[in-house]
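# Chain and residue survey
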Amino acid sequence: MRQLMSGNAALGEAAVLSGCTHYFGYPITPQNELTEYMAKRMGELGLCFIQSESEIAAINMVLGAAAAGARAMTSSSGPGISLKQEGISYLAADELPAVIVNVARGGPGMGNISASQSDYFQSTRGGGHGDYKTIVLAPASVQELTEVVPLAFDLADKYRNPLLILGDGMLGQMMEPVDFDGLARPADYDKPYILTGAKDRPARTIHSLIFDTKLQEEHNWKLFRKFQLMEQNEVRYETYLADDAEMVVVAYGMGARIAKGAIRRLREEGLKVGLLRPVTLWPFPAKALREMAKTVRDFFVFEMSAGQMVDDVKLALEGEAHVHFYGRPGGVIPMPVELSRIVARHYYQARSRDSAAKEEKR
Amino acid sequence: MKTVYERPKLLKEAHFHYCPGCGHGIINRLIVEVLEEMGLGGEAICVAPAGCGMLLYNYFEIDVIESAHGRGAAVATGIKRVRPENLVFSYQGDGDLAAIGTAEGFHAANRGENITVIFVNNGVYGMTGGQMAPTTLLEQITTTTPVGRDSCVAGHPVRVCEVFATLDGAAYLERTAVNRPAAVRKTKKAIAKAFQCQLDGRGFSLVEILSPCPVNWKMGPLDACSWIDEVMVKQFPLGVTKDGTKPTGGAKDVTAATRGGAKDVTCS
């Protein structure tokens, strides 16, 4: 059944349908509708909702709940996610599953409450202290949340690692039609590590303190191998009108929605422009980009930031193609027409660059 | 022959890493003695702190999770909300509970979270080498108050039990010490009472234990024990600060339905 819902509320409903039994949150705009939805819905279902005293407390409640075997979630926006980084690092070190939602806003500092994509580095580089990574899923529509949220809980359990869903204020607060009928609750995993009391079995411990440097190194390599598996198996992306494209726009989340609008305009004008939208920001679809670079010479990165994902695009391409960039930081949300004009300019510049190079060769 | 003394089965056969004269070893042992006598070894889940107590999973034959510095009460909250039938307690020092983790402890108490906090107050940051703690006495010399704690610069020693006693969610608060045999026996009784408080679903319980730290106090073990009686208890009076008899109606009524298992829900 299709219904009209904000992204924040849909995220909450998708989490409940995915088997989330424990939610811990703290108010921050633009994610408040999610916390409020969970307060109501978890209460109706007899599940656990706590409005914590801080984001730090919330993430540590998540850690406790995960250690006790629950599917647990917390959510916030950039400034609060900064506070949660302590707990995310401990979750990764302790190998505990959890889903953390960032409904991102303009930054740095207090910034503002408009949609922004400036938390890309924080999300994809681990974010907290130590050598670790988290899978980052970046949905681009309210409907896509019904796929991304169950996937998030499944992957968190599968790899015993915290996972980030990175949305933004526009996705969170915009209402769109959404249908939950296709959402299947991810299966439960065996959890031989959780704390239930040591009745009829040896006592268990969960800790990240490893004084012996050699053992700490071994633990780090063990985590690293897990991250390598994620890189091999969990890359997800979408392409749009990319088959014959001469220039491919790389954009994610709501940025990709804007880019699609721009690309439709450009196609109407006969410009061969397509889209690659990473759904997993980490692991990044680097192989897909390199594969595309066999036929595409120009990649155009669009972000609602001063330029963060553009670094990953350059690393992926290793100089095999030209990388263009357009960014609007600070919570500015450009219209598709603005982006289409910029892309068109770069498109024609690339063409004249290539024909000039041909001339020179003659 | 009557056995009058033996190693608790819940205490692993390991050497304590604590310094000579330290109170942690006594407190560790008291906890497992109480758990064993109450038959709770299979139900107990302990949240270990950052600080001198952090290695207690090497000594306890029960489930233990380590928390980040100060977050013990929040981690315990998460565990208890998933497993309300388990006995969940955190073990925290003075820096852990009364400085970096003040918010987590205070609000767990205020929610009436049905957990127990074993709070070890030795007036210094022990593991990091004897810096000032929130509970350091005025004029007490530490590595970060080299001429003594001056209230104008560094504030006053924090009385956790008295602060938490103002919270309606706190059910049982008692301050004890482990510097003399009689005090040790009282501490054991207080720990048992706090655990019973949780079993009865009465809400938040906390036992604050004045504990000697001879190495960082720069005293001999005997002098450290005397110093607790002669100086420390004047700032931190011993006794029951609060013993509410009624359930607080706080977080205790989370049903087994909230346990992390499968619960299929359909969209309305």
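Residues numbered from 1 in each chain as written. Chains lettered and ligands numbered in written order. Predicted model: local features only at pLDDT ≥ 70, side-chain atom pairs only at ≥ 80, totals over all residues. Heavy atoms only, no water.

What follows concerns the overall build of chain A. A tally of regular secondary structure across chain A gives twelve helices and 15 strands. In terms of overall size, chain A behaves like a compact globule, its C-alpha atoms giving a radius of gyration of 21 Å where 362 residues would be expected to give roughly 21 Å. Seen along its three principal axes, the alpha-carbon backbone of chain A occupies a region of about 80 × 50 × 40 Å. In chain A, which comprises 362 residues, the share counted as buried stands at 61%. Counting only contacts in chain A whose residues sit at least 6 apart along the sequence, the fraction spanning at least 24 positions is 79%. Carbon and sulfur atoms provide 52% of the accessible area of chain A, an area that totals close to 14300 Å². Of note, chain A has its 40 positive side-chain charges centred 3 Å away from the centre of its 44 negative side-chain charges. (Helix = DSSP H or I, 4+ residues; strand = E, 2+ residues; numbered from the N terminus. Rg over C-alpha atoms; globule rule 2.2 N^0.38 Å. Buried < 20%, exposed > 50% of the residue type's maximum accessible area, 1.4 Å probe, protein only. Contact = heavy atoms within 4.5 Å. Areas by Shrake-Rupley, 256 points an atom, 1.4 Å probe, with all protein chains shown as cover. Lys, Arg positive; Asp, Glu negative; His and termini not counted. Charge placed at Lys NZ, Arg CZ, Asp CG, Glu CD.)

A count of helices and strands for chain B gives nine helices and nine strands. The buried share of chain B, taken over its 268 residues, is 57%. Taking as baseline every contact in chain B between residues at least 6 positions apart, the subset at least 24 positions apart corresponds to 70%. In the form shown here, chain B has an accessible surface area of approximately 10700 Å², with 57% of it arising from carbon and sulfur atoms. Considering chain B, the positive charge centre built from 27 side chains and the negative charge centre built from 27 side chains are found 4 Å apart.

Attention shifts here to the pattern of salt bridges. In the structure shown here, the tally under the stated rule is 39 salt bridges over all chains. With its nearest N and O atoms 2.8 Å apart, the salt bridge here joins A:Asp312 to A:Arg125. Of this pair, A:Asp312 sits in helix H11 (residues 309-317) while A:Arg125 sits in the loop between helix H5 (120-124) and strand S6 (135-137), and the two are 187 residues apart along the sequence. We note a salt bridge from B:Arg71 to B:Glu104, for which the minimum N-O separation is 3.2 Å. (Salt bridge = Lys/Arg side-chain N within 4 Å of Asp/Glu carboxyl O.)

Looking now at the environment of B:Val120. Mapped onto the fold, B:Val120 is located in strand S4 (residues 116-121). The residues contacting B:Val120, other than those within four sequence positions of it, are B:His24, B:Ile27, B:Tyr91, B:Gln92, B:Gly93, B:Asp94, B:Ile209 and B:Ser211.

With that settled, consider the side chain of B:Ser67. Assignment of secondary structure puts B:Ser67 in the loop between strand S2 (63-66) and helix H2 (72-82). Looking at B:Ser67, the relative accessible area reads 3%, which means it is buried. A polar contact is formed between the side chain of B:Ser67 and the backbone nitrogen of B:Gly72, at a distance of 3.3 Å. Dropping the residues within four chain positions of it, B:Ser67 is found in contact with A:Tyr90, B:Val47, B:Ala48, B:Pro49, B:Ala50, B:Gly72 and B:Val75. (Polar contact = N/O pair within 3.5 Å; in protein donor to acceptor, adjacent residues only side chain to side chain.)

Turning our attention to the packing of aromatic side chains. Residues and elements named next belong to chain A. A full pass over the atoms with the stated rule returns 14 aromatic pairs over all chains. Ring plane angle 20° and centroid distance 6.4 Å describe the contact between Phe302 and Tyr326, whose orientation is recorded as stacked. Of this pair, Phe302 sits in strand S14 (residues 298-303) while Tyr326 sits in strand S15 (residues 322-327); the two residues are 24 residues apart in sequence, bridging distant segments of the chain. In terms of burial, Phe302 and Tyr326 fall into one category: buried. If you follow Arg160 out to its NZ or CZ, it ends over the ring of Tyr193, 3.7 Å from the centre. Taking the ring centre of Tyr240 as reference, the NZ or CZ of Lys260 above it sits at 5.1 Å. (Phe/Tyr/Trp six-rings, centres within 6.5 Å; stacked < 30°, edge-to-face > 60°. Lys NZ or Arg CZ within 6 Å of the ring centre and 35° of its normal.)

Residue and element names in this part refer to chain A. The seven strands lie next to each other as S3-S2-S4-S5-S7-S6-S13, forming an open sheet whose pairing is mixed. Of all the strands in the sheet, just strand S3 (48-51) and strand S13 (280-282) have a single pairing partner and so form its edges. Strand after strand, the sheet turns through a mean of 20° between neighbouring axes, direction not considered. Summarising the sheet, strand S2 (residues 22-25) and S3 pair through four bridges and their orientation is parallel. Residue pairing across strands places Tyr23 opposite Phe49, the latter belonging to S3. On top of the sheet, helix H2 (residues 32-45) reaches S2, S3, strand S4 (72-76) and strand S5 (98-104); it is set at about 140° to S2, its chief contact. (Pairing = 2+ DSSP bridges. Axes fitted to C-alpha atoms, helices over the stretch in contact; angles between N-to-C directions.)

Here the focus is the domain arrangement of chain A. All names here are of chain A. As far as domains go, chain A holds domain 1 (2-233) and domain 2 (238-361). In this complex, domain 1 contributes 31 residues to the contact, which on the side of domain 2 involves 26 residues. A buried area of about 2500 Å², summed over both sides, lies between domain 1 and domain 2, and 56% of it is on carbon and sulfur atoms. Its largest share of buried area at the contact with domain 2, domain 1 owes to Gln117, Tyr120 and Ala140, together 30% of the area lost on that side. In this structure, the salt-bridge partner of Arg277 is Glu144, at a minimum N-O distance of 3.0 Å. Inspection of the region where domain 1 meets domain 2 yields 16 residue pairs in polar contact (both at pLDDT 80 or more). (Domains from an automatic or database assignment. Buried area = accessible area lost by both parts, 1.4 Å probe.)

Further remarks concern the confidence of the model for chain B. In the predicted model, chain B carries a mean pLDDT of 92, and the fraction of residues at 70 or more is 91%. Of the regions scoring below 50 in pLDDT, residues 249-268 of chain B engages in 54 contacts with residues more than four places distant in sequence or in other chains. (pLDDT = per-residue confidence, 0-100.)

In this complex, chain A contributes 50 residues to the contact, which on the side of chain B involves 45 residues. In total, chain A and chain B occlude about 3600 Å² of area from one another, counting both sides; carbon and sulfur atoms represent 60% of this. When residues of chain A are sorted by the area they lose upon contact with chain B, A:Glu53, A:Leu195 and A:Leu209 head the list and together hold 14% of the total. A:Lys199 is the salt-bridge partner of B:Glu43, the closest N and O atoms lying 2.5 Å from each other. Our enumeration of links across chain A and chain B arrives at 19 residue pairs in polar contact (both at pLDDT 80 or more).

Taken N-terminus to C-terminus, the directions of helix H3 (residues 55-67) of chain A and H2(B) make an angle of 45°; their axes are 6 Å apart at the nearest point. By the angle between their axes, H3(A) is oblique relative to H2(B). Judged by the twist between their axes, the crossing of H3(A) over H2(B) is right-handed. Here A:Ala57, A:Asn60, A:Met61, A:Leu63, A:Gly64 and A:Ala65 of H3(A) come into contact with H2(B), specifically with B:Ala74, B:Val75, B:Thr77, B:Gly78, B:Ile79 and B:Val82. Grouping the amino acids of the contact of H3(A) with H2(B) by side-chain chemistry returns eight nonpolar, four polar and no charged. (Parallel < 35°, antiparallel > 145°, perpendicular 65-115°, else oblique. Left-handed = near helix turned anticlockwise from the far one by under 90°. Nonpolar A, V, L, I, M, F, W, Y, C, P; charged D, E, K, R; others polar.)

The next subject is the nonpolar core. In this structure, A:Met38, A:Met73, A:Val249, A:Phe299, B:Ile65, B:Phe204 and B:Leu206 are the most contacted members of the largest nonpolar core, which totals 147 residues. Shared between two domains, this core holds at least three residues of each, these being domain 1 (2-233) and domain 2 (238-361) of chain A. Residues within four places of A:Phe299 in sequence aside, it is in contact with A:Val248, A:Val250, A:Leu289, A:Met292, A:Ala293, A:Leu317, A:Ala321, A:His322, A:Val323 and A:His324. If you look at the next biggest cluster of nonpolar residues, it comprises 39 residues, including B:Leu35, B:Tyr172, B:Val178 and B:Ala194. (Core = buried A, V, L, I, M, F, W, Y, C linked by side-chain atoms within 4.5 Å.)

With that settled, consider the pairing of strand S1 (residues 44-48) of chain B. With respect to burial, S1(B) is a largely interior element, five of its five residues being buried. By the alternation rule, side chains of S1(B) split into B:Ala44, B:Cys46 and B:Ala48 and B:Ile45 and B:Val47, which are all buried.

The subject of this paragraph is the state of the cysteines. This structure, assessed with the given rule, holds zero disulfides over all chains. Of all cysteine sulfurs, the one in B:Cys52 lies closest to B:Cys46, which takes part in no disulfide; the gap is 15 Å. (Disulfide = S-S within 2.5 Å.)

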